[in-house]
Amino acid sequence: MTTTAAPATARKPATMAQALTRALRDAMADDPSVHVMGEDVGTLGGVFRVTDGLAKEFGEDRCTDTALAEAGILGTAVGMAMYGLRPVVEMQFDAFAYPAFEQLISHVARMRNRTRGALTMPLTIRIPYGGGIGGVEHHSDSSEAYYLATPGLQVVTPATVEDAYGLLRAAIASDDPVVFLEPKRLYWSKADWSPDAPTEVAPLGRAAVRRRGSSATLITYGPSLPVCMEAAEAAAAEGWDLEVVDLRSLMPFDEDTVCASVRRTGRAVVVHESNGFGGPGGEIAARITERCFHHLEAPVLRVAGFDIPYPPPMLERHHLPGVDRILDTVARLQWESDWTEGRGA
Amino acid sequence: MTVLEQPGSSRHKSSLAGPPPSWRPRVDPAPLLPDEEPYRLLGTDAAARLDSGLLTRLYTQLVRGRRYNAQATALTRQGRLAVYPSSTGQEACEVAAALALEERDWLFPSYRDTLAAVARGLDPVEALTLLRGDWHNGYDPREHRIAPLCTPLATQLPHAVGLAHAARLKGDEVVALAMVGDGGTSEGDFHEALNFAAVWQAPVVFLVQNNGFAISVPLAKQTAAPSLAHKAVGYGMPGRLVDGNDAPAMHEVLTEAVQRARRGGGPTLVEAVTYRIEAHTNADDATRYRSDAEVETWRAHDPIALLEHELAGRDLLTDAFVSATRDGAEQMAADLRERMNADPELDPMDLFTHVFAEQTSQLRAQAAQLRAELDAEADGHTDDAAGAEGSAEEARP
Ligand SMILES: Cc1ncc(C[n+]2csc(CCOP(=O)(O)OP(=O)(O)O)c2C)c(N)n1
């Protein structure tokens with residue numbers, strides 16, 4: 001499934017937030033059933049300005065400032081989807097999506113299943129998530145593990161400007177619900193991306209190899225991708241040749257790309273900022289062990305946030321996986337054998 | 001004409017038996033209904049009966065509060081606070097909420113209500129810990145009977161109901177006053193809290209500060225109710241509509257509600273009609289959703305100016321009183337500034353201290369890891385410092 005962006009004039013380089021705006025705009029222009037709704041998404045354009053201009057262009061019925069009630073927003077979106085619309089819901093911050101969990105888990109995730117396919121939930125729930133922006137309590141949660149624990153939800157998180165566009169278009173086009181996690185500390189990251197040029201709508205469920213390497217694989221997603229890329233560069237200076245896999249979507253999970261990489265490198269580290277215990281890394285490590293056991297030269301290791309409630313801004317740098325912590329973990333992959341021997345690219 | 005359009009269609013005579021009497025509401029709605037217009041004292045004849053001591057007390061707190069808001073806002077510009085949601089323009093609500101309570105009562109503030117906590121006697125620096133970012137809560141809630149400043153909207157309201165209910169079960173005459181914004185009244189938690197409070201007749205006062213906007217969303221997009229105070233009636237509690245910039249009116253209504261709750265009279269919902277003069281926070285651009293002209297009309301209805309008018313009429317607004325009040329506020333601000341300009345002493349190891357009463361083996365291992373990282377960092381710094389000192393020339397290409 002590949003479409004191209006409508007021609008337009010956008011500045012270069014573009015930020016991830018701008019690419020998301022463009023994706024929403026194009027989706028709304030292409031399909032009149034796409035409706036955007038949430039707190040402050042209209043006049044203000046969202047607190048991160050991702051919905052900027054949509055209410056003006058498409059009217060308040062299609063980009064709607066709702067009352068301040070997350071359960072109500074998602075619950076009404078369920079009804080709208082039942083009647084054939086494609087709601088794109090914005091939750092203002094990670095921790096403010098929690099009031100909507102009842103709707104998400106009891107209805108959104110299982111409507112297709114309970115109705116034997118008679119009712120589907122083609123809705124997208126956009127949630128800015130993660131830390132690193134100095135936000136006060138309740139503004140920095142990495143909540144992906146909750147969503148992953150719920151069968152029936154697709155969980156998608158872009159790490160690049162291009163993917164922000166391509167994955168959001170794909171999420172909106174999907175006939176099943178997508179929890180679309182936007183790494184808020186990457187909102188202002190830039191790339192020479194232009195919506196003038198055709199941009200692929202990235203299929204959901206395909207990981208991307210962001211850096212080729214031979215001595216170990218870093219498996220990551222969303223806000224941790226740039227950290228892993230930096231770590232890989234730093235490791236190269238010390239002789240480590242790291243491969244970096246960006247999952248892009250946690251569900252569907254691209255086992256083939258991950259396993260192919262680990263089979264080549266023989267070593268794997270999963271990196272994410274949500275807590276390690278009960279976090280996505282455990283599932284990923286288990287899967288790699290099950291499918292690649294005979295190729296592994298060392299146990300699959302994880303670098304994750306600590307198992308603590310997200311810390312206050314002044315302490316968050318100690319919690320978030322940084323380059324040093326990744327390199328320390330990579331060093332532990334040496335295990336019994338010498339990583340430098342016998343592993344060609 | 002459809003059934004819905006028929007006037008009084010439900011009053012048609014029917015030959016069938018009606019519902020049995022058990023359906024009847026237990027309360028008469030009329031006394032629960034709020035006034036048509038916000039209750040005011042300043043500028044009305046009723047102001048004459050106000051106690052001068054109360055007026056000067058309120059004035060002192062309002063001036064302090066305004067100064068506090070200005071200082072905290074300045075601290076965000078200097079990067080000393082991560083964020084500050086100012087209550088400038090709303091000081092009368094904040095101060096009245098604090099003064100209506102006795103020491104044994106509890107306050108449940110939202111993130112905008114730092115000032116209510118400070119007016120209640122909380123140390124201004126401790127009140128700002130959340131917003132500075134050194135910890136999520138900077139004081140002992142039990143010691144001050146102030147729940148942590150609450151960020152997820154309306155979620156503190158059921159807590160207030162539960163606490164008040166528990167106190168009553170224990171035989172303590174403790175009242176809980178819970179604060180929420182107009183936007184917060186749309187959350188399910190608001191509804192559930194009011195319902196529990198009314199069914200249990202819990203000693204709670206709900207104070208809604210209707211300051212016109214929830215970030216950018218005006219009240220009209222938030223509710224279709226005649227007023228937020230009207231919502232009380234549906235739950236079976238009285239709703240009161242007050243001019244939130246009229247400090248004595250706020251004080252009177254809240255004090256009455258608190259006393260009523262203490263006597264076992266049950267909960268009250270108070271809607272204070274006020275205005276948020278500053279942007280939502282320093283991160284918000286208010287020009288996107290409101291006009292300067294609107295802000296100016298509200299500035300003309302300033303809570304401090306309103307009270308000054310009454311004080312002047314009583315010859316209480318003497319130069320000496322005004323300057324003493326101002327000096328007190330200045331002193332408070334200077335102290336706040338000085339203490340906030342010092343970096344807080346933080347121990348990163350605290351990250352693991354308060355997760356559980358007893359640390360798990362995983363947390364102990366993670367704590368050891370961080371300890372090692374911090375030690376390595378400290379060593380690195382010493383090495384760097386020594387290196388820089390030893391070979392300053394080599395360091396430059
Ligand atoms: C459950 C929840 N959803 C969203 C938010 C984000 N948010 C913070 S303040 C705010 C507006 C609140 O408006 P209002 O209740 O009127 O209070 P005010 O800020 O005007 O004092 C929003 C949407 C939040 N804090 N909690």
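Just so it is clear, the structure is predicted and the values come from calculations on it, not from any experiment. (Residues numbered from 1 in each chain as written. Chains lettered and ligands numbered in written order. Predicted model: local features only at pLDDT ≥ 70, side-chain atom pairs only at ≥ 80, totals over all residues. Heavy atoms only, no water.)

Enquirer: Before we move on, could you go through the overall build of chain B and cite the residues and values that matter?
Expert: Helix and strand counts for chain B stand at 15 helices and seven strands. When the backbone C-alpha atoms are referred to their principal axes, chain B occupies close to 105 × 60 × 50 Å. Looking at chain B as a whole, 48% of its 397 residues qualify as buried. Sequence-distant contacts, at least 24 apart, represent 75% of the contacts inside chain B between residues at least 6 apart. When the accessible surface of chain B is split by element, carbon and sulfur atoms take 52% of a total near 19400 Å². Here chain B contributes 37 positive and 58 negative side-chain charges, whose respective centroids are spaced 8 Å apart. (Helix = DSSP H or I, 4+ residues; strand = E, 2+ residues; numbered from the N terminus. Buried < 20%, exposed > 50% of the residue type's maximum accessible area, 1.4 Å probe, protein only. Contact = heavy atoms within 4.5 Å. Areas by Shrake-Rupley, 256 points an atom, 1.4 Å probe, with all protein chains shown as cover. Lys, Arg positive; Asp, Glu negative; His and termini not counted. Charge placed at Lys NZ, Arg CZ, Asp CG, Glu CD.)

Enquirer: Tell me what's going on with the sheet that holds strand β11 (residues 242-246) of chain A, and back it up with residues and numbers.
Expert: All names here are of chain A. Strand order in the open sheet made by the five strands is β9-β11-β10-β13-β14, with mixed pairing throughout. Each edge of the sheet is formed by a strand with only one pairing partner; in this case those strands are β9 (208-211) and β14 (301-305). Between one strand axis and the next, the sheet turns through 25° on average, direction left out of account. For strand β10 (residues 216-220) and strand β13 (residues 268-275), the ladder comprises three bridges, and the chain directions are parallel. (Pairing = 2+ DSSP bridges. Axes fitted to C-alpha atoms, helices over the stretch in contact; angles between N-to-C directions.)

Enquirer: I'd love a proper account of unusual backbone geometry, names of residues and values included.
Expert: Look at the link from M251(A) to P252(A): it is a cis peptide, with omega at 0°. Along the chain, P252(A) falls in the loop between β12 (249-251) and α9 (255-265). Although it is not a glycine, D40(A) adopts a positive phi angle of roughly 65°. Structurally, D40(A) can be placed in the loop between β2 (34-38) and α2 (54-58). For D40(A), a relative accessible area of 3% corresponds to the buried category. Its identity is not glycine, yet Q201(B) carries a phi of approximately 50°, on the positive side. Position of Q201(B) among the secondary structure elements: in the loop between α8 (188-200) and β3 (204-210).

Enquirer: For the site of the ligand, give the residues involved together with the corresponding values.
Expert: Of all residues adjacent to the ligand, which total 20 residues, the nearest are E70(A), Y111(B), R112(B), G183(B) and G184(B). More than one chain reaches the ligand: the nearby residues come from chains A and B. The separation between a nitrogen atom of the ligand and a polar main-chain atom of T151(B) is 2.9 Å. Between the ligand and L153(B), the relevant distance is 3.0 Å, taken from a nitrogen atom to a main-chain nitrogen or oxygen of the residue. For the ligand, whose free accessible area comes to 580 Å², the fraction covered by protein is 96%. Residues belonging to the shell around the ligand are distributed by class as follows: eight nonpolar, seven polar and five charged. (Near = heavy atom within 4 Å. Polar contact = N/O pair within 3.5 Å; in protein donor to acceptor, adjacent residues only side chain to side chain. Nonpolar A, V, L, I, M, F, W, Y, C, P; charged D, E, K, R; others polar.)

Enquirer: Could you give an account of the pattern of salt bridges, with specific residues and numbers?
Expert: When charged atoms on two side chains of opposite charge get close, those side chains can pair. All names here are of chain A. According to the stated counting rule, one finds 44 salt bridges over all chains in the structure shown. For D246, the salt bridge is made with R210, and the minimal N-O distance between the two is 2.8 Å. With D246 in strand β11 and R210 in strand β9, this pair connects stretches of sequence that are 36 residues apart. With relative accessibility at 27%, the residue R210 sits in the partly exposed group. Through salt bridges with shared partners, a single ionic network connects E255, D256, E283, R287 and R291. (Salt bridge = Lys/Arg side-chain N within 4 Å of Asp/Glu carboxyl O.)

Enquirer: Account for the UniProt feature "domain: Transketolase-like pyrimidine-binding" (unreviewed entry) in chain A, naming residues and giving values.
Expert: Annotation from UniProt places "domain: Transketolase-like pyrimidine-binding" (unreviewed entry) at residues 14-189 of chain A. Structurally, residues 14-189 of chain A comprises 36% helix and 17% strand, and the distance from its first C-alpha atom to its last is 8 Å. (UniProt positions renumbered as here; feature names shortened; annotations may be inferred.)

Enquirer: Which residues make up the packing of aromatic side chains, and what are the values?
Expert: Residues and elements named next belong to chain A. Taken as a whole and judged by the stated rule, the model has 17 aromatic pairs over all chains. Consider the rings of F48 and Y187, whose centres lie 4.8 Å apart with planes at 40°: the pair is tilted. Taken together, the residues span a long stretch of sequence, with F48 in the loop between β2 and α2 and Y187 in the loop between β7 (178-183) and β8 (190-191) at a distance of 139 residues. By relative accessible area, F48 is classed as buried at 13%. With a centroid separation of 6.0 Å and 75° between ring planes, the pair formed by F93 and F96 is classed as edge-to-face. With respect to burial, F93 and F96 carry one shared label: buried. (Phe/Tyr/Trp six-rings, centres within 6.5 Å; stacked < 30°, edge-to-face > 60°.)

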